Amino acid sequence: MIKEKAKLIDLIARFIAMTAKILPDDVSEKLKELKNRETVPLAKAVYDSMFENQEKALKLNRPSCQDTGVVNFFIRAGASFPYLGALNEVLTEAVRKATVIAPLRHNTVAIFEEKNDGTNVGERAPFINWEIVQDRDDIELYSYMAGGGCSLPGRAITLMPSAGYEGIVKYVFDMMVDWGINACPPLLVGIGIAGSADVASVLSKWALLRPIGSRNPNPKGAEMEKLLEEGLNKIGVGPQGLSGSSSVMGVHIETAARHPSTISVGINVGCWSHRKGCIRIKRDFSYEIISHKGVSL
Ligand code: SF4
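Residues numbered from 1 in each chain as written. Predicted model: local features only at pLDDT ≥ 70, side-chain atom pairs only at ≥ 80, totals over all residues. Heavy atoms only, no water.

A. A look at the site of the ligand. Around the ligand, the structure places C65, D67, G149, C150, A183, C184, C271, W272, S273 and R275. Split by residue class, the shell around the ligand holds 6 nonpolar, 2 polar and 2 charged. (Near = heavy atom within 4 Å. Nonpolar A, V, L, I, M, F, W, Y, C, P; charged D, E, K, R; others polar.)

B. Here's a closer look at the pattern of salt bridges. In the structure shown here, the tally under the stated rule is 25 salt bridges. With its nearest N and O atoms 3.5 Å apart, the salt bridge here joins E140 to R136. A residue is classified by how much of its surface remains accessible, and E140, at 10% relative accessible area, is buried. Notably, a salt bridge pairs E288 with K293, separated by 3.7 Å at the nearest N-O pair. (Salt bridge = Lys/Arg side-chain N within 4 Å of Asp/Glu carboxyl O. Buried < 20%, exposed > 50% of the residue type's maximum accessible area, 1.4 Å probe, protein only.)

C. Spatial organisation of the domain arrangement of the protein chain. The domain architecture assigned to the protein chain consists of domain 1 (2-21 + 64-147 + 275-289) and domain 2 (149-270). Inter-centroid distance (C-alpha atoms) of domain 1 to domain 2 is 25 Å. Taken together, the contacts link 13 residues of domain 1 with 13 residues of domain 2. The largest per-residue losses of area from domain 1 upon contact with domain 2 belong to F74, Y144 and K276, which jointly make up 50% of the total buried on that side. Counting the contacts that link domain 1 with domain 2 gives 0 salt bridges. At the level of secondary structure, the elements contributing two or more residues to the side of domain 1 that touches domain 2 comprise β1 (70-78), β2 (127-133) and β3 (139-146). Its residues placed into classes, the side of domain 1 that touches domain 2 shows 5 nonpolar, 4 polar and 4 charged. (Domains from an automatic or database assignment. Contact = heavy atoms within 4.5 Å. Buried area = accessible area lost by both parts, 1.4 Å probe. Helix = DSSP H or I, 4+ residues; strand = E, 2+ residues; numbered from the N terminus.)

D. Broad picture of the packing of aromatic side chains. In this structure the tally under the stated criterion is 4 aromatic pairs. Residues F74 and W206 carry aromatic rings whose centres are separated by 5.2 Å and whose planes lie at 75° to one another, so their mutual orientation is edge-to-face. Highlighted residues: F74 in strand β1 and W206 in helix α7 (residues 197-209), separated in sequence by 132 residues. Residue W206 is classed as buried on the basis of its relative accessible area of 7%. Look at F81 and Y83: their rings are 5.6 Å apart centre to centre, the planes differ by 75°, and that puts the pair in the edge-to-face class. One aromatic cluster in this structure is built from F74, Y142 and W206. Looking at R155, its charged tip hangs above the ring of W179, at a distance of 4.6 Å from the centre. (Phe/Tyr/Trp six-rings, centres within 6.5 Å; stacked < 30°, edge-to-face > 60°. Lys NZ or Arg CZ within 6 Å of the ring centre and 35° of its normal.)

Structural data, given as structure tokens:
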């Protein structure tokens, strides 16, 4: 078991290190699309600098942005995956190792002590959110580097049910107008709608992990995503907040049934350097990187 654990730690550490440097396929494609669609010269130049940044990150083996965030994991874990019980420790050690090999910036600060021990590991860090899936023996592991700028617009609120979906739209627009610029647009906006702020907030992070362009399975949810995307683009924030035709890469909504007396909304955003990744690992440690096609570790 010790040998297997070490193998898994090594694999996941190399995966995290890779995601710090190479943007996922959907983000790269979307940035290309927005650049080609852009008409404002300054905004076009900003997109050019983003692509130059990516080329240099690869060439110099450096992170895409200096802020490599606090690592979050979201896992769909097969109930029969043989190393399920070891995963907590494996993921923690993988972050510790990735911090050295990537390298990742030292971001994890202990609450109250206000100390940063330079490992990116600490109390409930990495943060891990699980979904256990029956009749499967593999894991689908999503990683997300929650940077400071892109965590700043994160909000959740519980509204009176009479506020309705209009109340959600107003809240999203207010937050994006006030705080979106801190997160290095164009943004991927993740929204959770549920009956309490904690559930809505976690769902808004799951929403950030969906492939850009995918739609909520409920046609009304899909329509709301489309309308919010069109509306937020009209704000004119543009890449890096310097004005332009597009403010967002997309809007994704995830939902959970709510209490009749409450309607809660959670918001989280991914920045232009949205460092998320998805890897499927089988019980024999063979793997497929879903988010970055053609990349090997
Ligand atoms: S918002 Fe994103 S690109 Fe901007 S500093 Fe933070 S991690 Fe880097």
